[in-house]
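If you want the building blocks of each chain, they are given just below.
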Protein chains: 2
Amino acid sequence: MTGAAAERAEGDTGPRLDDLIEAERDIVARFDDVGLEVDFGALSVVSNIYRAASAIRRHMEQSVLGPEQLSWTAFVTLWVLWIWGEMEARHLAAEAGVTKGTLTGVLDTLERRGLVARRRHDDDRRLLSAGLTASGEELIRRLYPRFNAQEARIAALLSQDGRDAFASGLRELVRGLPLEDPS
Amino acid sequence: MTGAAAERAEGDTGPRLDDLIEAERDIVARFDDVGLEVDFGALSVVSNIYRAASAIRRHMEQSVLGPEQLSWTAFVTLWVLWIWGEMEARHLAAEAGVTKGTLTGVLDTLERRGLVARRRHDDDRRLLSAGLTASGEELIRRLYPRFNAQEARIAALLSQDGRDAFASGLRELVRGLPLEDPS
DNA sequence: TATTGTTATACTCTATAACTATA
DNA sequence: TATAGTTATAGAGTATAACAATA
């Protein structure tokens, strides 16, 4: 036995092979051949998070957002404004997870559709806030229950007892990211 | 399934408020105001997966991929070819998680840099395979250990006992997605 | 000088669909 | 007819950097 399997001393649980996705079993085997030491558990966590996130975004765009002609980012922007109320642009960009340049374009689109309104600040005229219009609020109130219903279907893929531990793990990751630059 | 609070029978632990990220506490409070029933656990899982995935991709692009002038997708493509060997284009696209149109462009770029080579099949001339060149293999062999070291730093954010349960949960999601279309 | 939002450039990726060459 | 890969179009997003207005 070579590679990852060989490192596993007795008592070390390691990743249970029968829990792995088929592709992961092949990868473990391939790394044995390649002869490089690899933290397979870490590989698995990172690549599967990315796969899950991509699949979720695609599902939401097709099932809920597409019919309303909303991009994922436009939806998140509306949602943030709904939950938090009117916000200054740079905070809104951070919360929606986009750059300020992207936010300008998203706000242009949403404003053109009458869903949000920009407002210049009188005290500091560099600042801009954005908030939902009545029409924007109507839209997100109507749309979010459908979005959340899909979220519920996705979360239902998790076994009942693992779900809380899973949510906790996610929070540990989100709290710890981004990592400091030094490798 | 209805609001998270409503589902919680006695003895059911539910999400512990002190485990939530600060922003999540505010969201729970806001939904109480808004007066809509929301599956908060599902909301939390989906939004945090997406946050984590975005942060991870950005971190990798800056710390490991940027200096090598590789996009995330280009890196994944090289990695897949390294692990699985020469592959037909449509399988490579599926494995890398991109459309065939995107793969054409990625292969153009990687081929121009001499990292992969296309090969037409003689038996069925519609088919195309791609494989690493010696230079491409040298690159990924040198690069992946650094990538995996960052994956390990990220996985280290997870508490030791939660890590296996977390990885299992991820696999449940990846296995179950994409969801069937019917809402 | 520093900051906010806007604009511009160049690139990556997406979905959709037409196109070619094969089969 | 159907399939594989390419090409084309339009849109969304990124990073980076320059810019105008304001502080």
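As the structure is a computational prediction, the values presented were derived from the model and not from experiment. (Residues numbered from 1 in each chain as written. Chains lettered and ligands numbered in written order. Predicted model: local features only at pLDDT ≥ 70, side-chain atom pairs only at ≥ 80, totals over all residues. Heavy atoms only, no water.)

*Asks:* With reference to specific residues and values, describe the interface of chain B and chain A.
*Replies:* Accessible area lost upon the coming together of the parts serves often as the stated size of an interface. Taken together, the 73 residues of chain B in the interface contact 73 residues of chain A. A buried area of about 7300 Å², summed over both sides, lies between chain B and chain A, and 65% of it is on carbon and sulfur atoms. At the boundary of chain B with chain A, the tally comes to six salt bridges. Residue Glu95(A) pairs with Arg51(B) through a salt bridge whose shortest N-O separation is 3.7 Å. Secondary-structure elements contributing two or more residues to the side of chain B that touches chain A are α2 (22-34), α3 (40-65), α4 (72-84), α7 (134-155) and α8 (160-176) of chain B. Sort the elements by how many residues they give to the side of chain B that touches chain A and α3(B) lands first, with 18 residues. Among the residues forming the side of chain B that touches chain A, the class breakdown is 40 nonpolar, 14 polar and 19 charged. (Contact = heavy atoms within 4.5 Å. Buried area = accessible area lost by both parts, 1.4 Å probe. Salt bridge = Lys/Arg side-chain N within 4 Å of Asp/Glu carboxyl O. Helix = DSSP H or I, 4+ residues; strand = E, 2+ residues; numbered from the N terminus. Nonpolar A, V, L, I, M, F, W, Y, C, P; charged D, E, K, R; others polar.)

*Asks:* Before we move on, can you summarise α7(B) with the specific residues and values?
*Replies:* Each full turn of the α-helix corresponds to 3.6 residues, which orients residues three or four apart in the same direction. All names here are of chain B. Its 22 residues give α7 an end-to-end C-alpha distance of 31 Å, which sits within 8% of 32 Å, the value for a rise of 1.5 Å per residue. At Leu 143, α7 shows its largest bend, some 30°, and a proline, Pro 145, comes one to four positions later. Residues of α7 that are buried include every one of Gly 136, Leu 139, Ile 140, Leu 143, Tyr 144, Phe 147, Asn 148, Gln 150, Glu 151, Ile 154 and Ala 155, and no others. (Expected span 1.5 Å × (residues − 1). Bend = angle between axes of the 7 residues up to and from the residue. Buried < 20%, exposed > 50% of the residue type's maximum accessible area, 1.4 Å probe, protein only.)

*Asks:* Requested: an account of the relation of the copies chain B and chain A, with residues and values cited.
*Replies:* In screw terms, the move from chain B to chain A is a rotation of 180° and a rise of 0.0 Å along the axis, fitting with an RMSD of 0.1 Å. Expressed as an axis order, the relation between the two copies is that of a two-fold axis. No C-alpha of chain B lies nearer the rotation axis than that of Phe166(B), which sits 2.4 Å from it. A shared interface surface links the copies, since 100% of the contact residues of chain B are contact residues in chain A too. (Least-squares fit on C-alpha atoms with pLDDT ≥ 70 in both.)

*Asks:* Any chance you could break down the environment of Glu172(A) for me, citing the residues and the numbers?
*Replies:* Within the secondary structure, Glu172(A) sits in helix α8 (residues 160-176). Excluding its chain neighbours within four sequence positions, the residues that come into contact with Glu172(A) are Leu157(B), Leu158(B) and Ser159(B). A distance of 3.1 Å separates the side chain of Glu172(A) from the backbone nitrogen of Ser159(B), its partner in a polar contact. (Polar contact = N/O pair within 3.5 Å; in protein donor to acceptor, adjacent residues only side chain to side chain.)

*Asks:* Describe the packing of helix α3 (residues 40-65) of chain A against α7(B), naming the residues involved and giving the relevant values.
*Replies:* With their axes 8 Å apart at the nearest point, α3(A) and α7(B) run at an angle of 80° to one another. Our classification of the angle between α3(A) and α7(B) gives roughly perpendicular. When α3(A) is examined against α7(B), the residues Ala42(A), Leu43(A) and Val46(A) are found in contact with a partner set consisting of Tyr144(B), Asn148(B), Glu151(B), Ala152(B), Ile154(B) and Ala155(B). Looking at the contact of α3(A) with α7(B), its residues break down into seven nonpolar, one polar and one charged. (Axes fitted to C-alpha atoms, helices over the stretch in contact; angles between N-to-C directions. Parallel < 35°, antiparallel > 145°, perpendicular 65-115°, else oblique.)

*Asks:* So what about the sheet that holds strand β3 (residues 128-132) of chain A? Which residues, and what values?
*Replies:* Strand pairing in a sheet relies on backbone hydrogen bonds, with the paired strands running either antiparallel or parallel. Residue and element names in this part refer to chain A. Strands sit in the order β1-β3-β2 across an open sheet of three strands; the sheet is antiparallel. In this open sheet, the two edge strands, each paired with only one partner strand, are β1 (87-88) and β2 (116-120). By the bridge criterion, five bridges tie β2 to β3 in an arrangement that is antiparallel. Residue pairing for β3: Val 116 is matched across the bridge by Leu 132. Running at roughly 90° to β3, helix α4 (residues 72-84) makes contact with β1, β2 and β3 of the sheet. (Pairing = 2+ DSSP bridges.)

*Asks:* Help me get a handle on the protein's contact with DNA strand C, residues and values and all.
*Replies:* Around DNA strand C, a shell composed of 21 residues is seen, among which Arg90(A), Thr104(A), Thr73(B), Thr99(B) and Thr102(B) lie nearest. Within the side chain of Thr104(A), an N or O atom sits 2.9 Å from a phosphate oxygen of DNA strand C. A distance of 3.1 Å separates a phosphate oxygen of DNA strand C from a polar backbone atom of Arg125(B). Only α5 (89-96), α6 (100-112) and β2 of chain A together with α6 (100-112) of chain B provide two or more residues apiece to the surface near DNA strand C. Here the surface near DNA strand C is built from residues that sort into five nonpolar, six polar and 10 charged. (Near = heavy atom within 4 Å.)

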